[in-house]
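# Working through the structure, step by step
Single-letter residue listing:
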Amino acid sequence: MVNGARLWQRLQTLAQHGARADGGVDRPALSLIEAEAKRTLIAWAAEAGMTARTDALGNLFLRREGREDLPPLLIGSHIDSQPTGGKYDGAYGVLAALEAVPEVPRRPVEVVAWTNEEGSRFAPGMMGSAAFAGARDIAEILACRDADGVTVEQALAETFAALPDLPIGTMGGPVHAYLEPHIEQGVVLEQAGLSLGIVTGLQGKRTFAVTIQGEAAHAGTAPRATRRDALLAAARAATALDALTGDPADIARFTIGRFVVSPNAPSVVPDRVQFSIDLRHPDGDALRRLGDALAAAIATAAAPCTALTEELSTAWPSLFDAGLRADLARLAGDAAMPLLSMAGHDARFLAALCPTAMIFIPCAAGVTHHPAESITPEHALAGAQLTAAAIELWSR
Ligand code: HGY
Ligand code: MN
Ligand code: MN
């Protein structure tokens, strides 16, 4: 039985792991802060008679055995956050799932917290779900480094050492279906005055790493005519890309979220700039056209500096399972509406593995990836109740 008060309290308790003074959350993937949040989840699962395990990438599974030994129903999301994140992105899905697990289902039900959905500490994101679905090579993921040079492999070892009693199971396995409850991170439900969204699919997303290479020089003696200023070159490239990706209908989403200047010294002409690109579009052809045009636009704008543009991840627009969506719409009735997700989610990778669906609840003014992210207890409860109804239907 879904207990709204317990769900709300647990959302606030989990948010203490990585709490920021401004009310937000900073819970980096594979950090010891995240390991402590996992310890809290494992304890709550144990209180409900559920077992816990992890896998080679630190994905956390909290399992309710079924009456029959069948492929499990997987429900969940992620608990890592952006550095200036909110309490509910990801965490809501994991805790709503934990709240919705029935006592004795026919088929096993597992609550999952995927590793590194956000792609903030380690890029690109969704490492845990991608590896689980067989979409990314584990060795390549383990070698990824954070800004301090720490590898995923080293960070995983710290997490495993912090949770020595957590069994490490095999990666992947048969899944009956996957459901991800999540906050909308937009304003569609709020503007419609509805408490639930049945997600039709995900818009496409391509991420890139760009390196602009110039030449360091003295800020006082180097003439402008001979400078190869990487910062000004990167600024020209950013302006050119803004023009390239802008559209009157405001559909394309182009973001440079990370911009690292070297040597980052006030009296030295920068010799290198590294910046990120996050490009999204609901139309696959438009995403392909825009993404394929980036490298040439950057190289032209950056001259006489040189530019290297590497594509880190490519995810074309995807649709969720029509049957599961119809079930959810029938269960939710007129409290729900269909809508496309403009944000990325782990469900993207699960959709290639098994029938997959997502449920949205509103978040105030669509504010997210921000400390002021907020939801209401009533919407949190509604999403958990729909999740419980879906589990009951799909685990029969
Ligand atoms: O970036 C995203 O869409 C997700 O919130 N990590
Ligand atoms: Mn999320
Ligand atoms: Mn997010």
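With that out of the way, let us pick up the overall build of the protein chain. Each helix and strand counted, the protein chain has 12 helices and 16 strands in total. Its C-alpha atoms give the protein chain principal-axis dimensions of roughly 75 × 50 × 40 Å. A buried classification covers 51% of the 396 residues belonging to the protein chain. If you take every contact in the protein chain between residues at least 6 apart in sequence, the share linking residues at least 24 apart comes to 79%. As displayed, the protein chain has an accessible area near 16400 Å², and 56% of this comes from carbon and sulfur atoms.

Okay, the coordination of the manganese ion (ligand 3) next. In this structure, Asp89 (OD), Glu118 (OE), Glu118 (OE) and His369 (NE2) serve as the protein donors to the manganese ion (ligand 3), at separations of 2.1 to 2.6 Å. As a motif over one chain, the donors of the manganese ion (ligand 3) read D-x28-E-x250-H. Between the two metal centres, the manganese ion (ligand 3) and the manganese ion (ligand 2), the spacing is 3.5 Å, with aspartate 89 acting as a shared donor. With aspartate 89 in the loop between strand E3 (73-78) and helix H3 (91-100) and histidine 369 in the loop between strand E16 (356-361) and helix H12 (377-394), this residue pair connects regions lying 280 residues apart in the sequence.

Looking at ligand 1, the residues that line it are Glu117, Glu118, Gln185, Lys205, Arg280, Ala343, Gly344 and His369. In this structure, arginine 280 approaches ligand 1 through a side-chain N or O atom, which is 2.6 Å from an oxygen atom. For ligand 1, an oxygen atom lies 3.1 Å from a polar atom in the side chain of histidine 369. For ligand 1, whose unbound accessible area comes to 210 Å², protein coverage reaches 93%. Residues of the shell around ligand 1, tallied by class, amount to 1 nonpolar, 3 polar and 4 charged.

Thresholds applied
- Residues numbered from 1 in each chain as written.
- Chains lettered and ligands numbered in written order.
- Predicted model: local features only at pLDDT ≥ 70, side-chain atom pairs only at ≥ 80, totals over all residues.
- Heavy atoms only, no water.
- Helix = DSSP H or I, 4+ residues; strand = E, 2+ residues; numbered from the N terminus.
- Buried < 20%, exposed > 50% of the residue type's maximum accessible area, 1.4 Å probe, protein only.
- Contact = heavy atoms within 4.5 Å.
- Areas by Shrake-Rupley, 256 points an atom, 1.4 Å probe, with all protein chains shown as cover.
- Donors = N, O, S within 2.8 Å, 3.2 Å for Na, K, Ca; no water.
- Near = heavy atom within 4 Å.
- Polar contact = N/O pair within 3.5 Å; in protein donor to acceptor, adjacent residues only side chain to side chain.
- Nonpolar A, V, L, I, M, F, W, Y, C, P; charged D, E, K, R; others polar.

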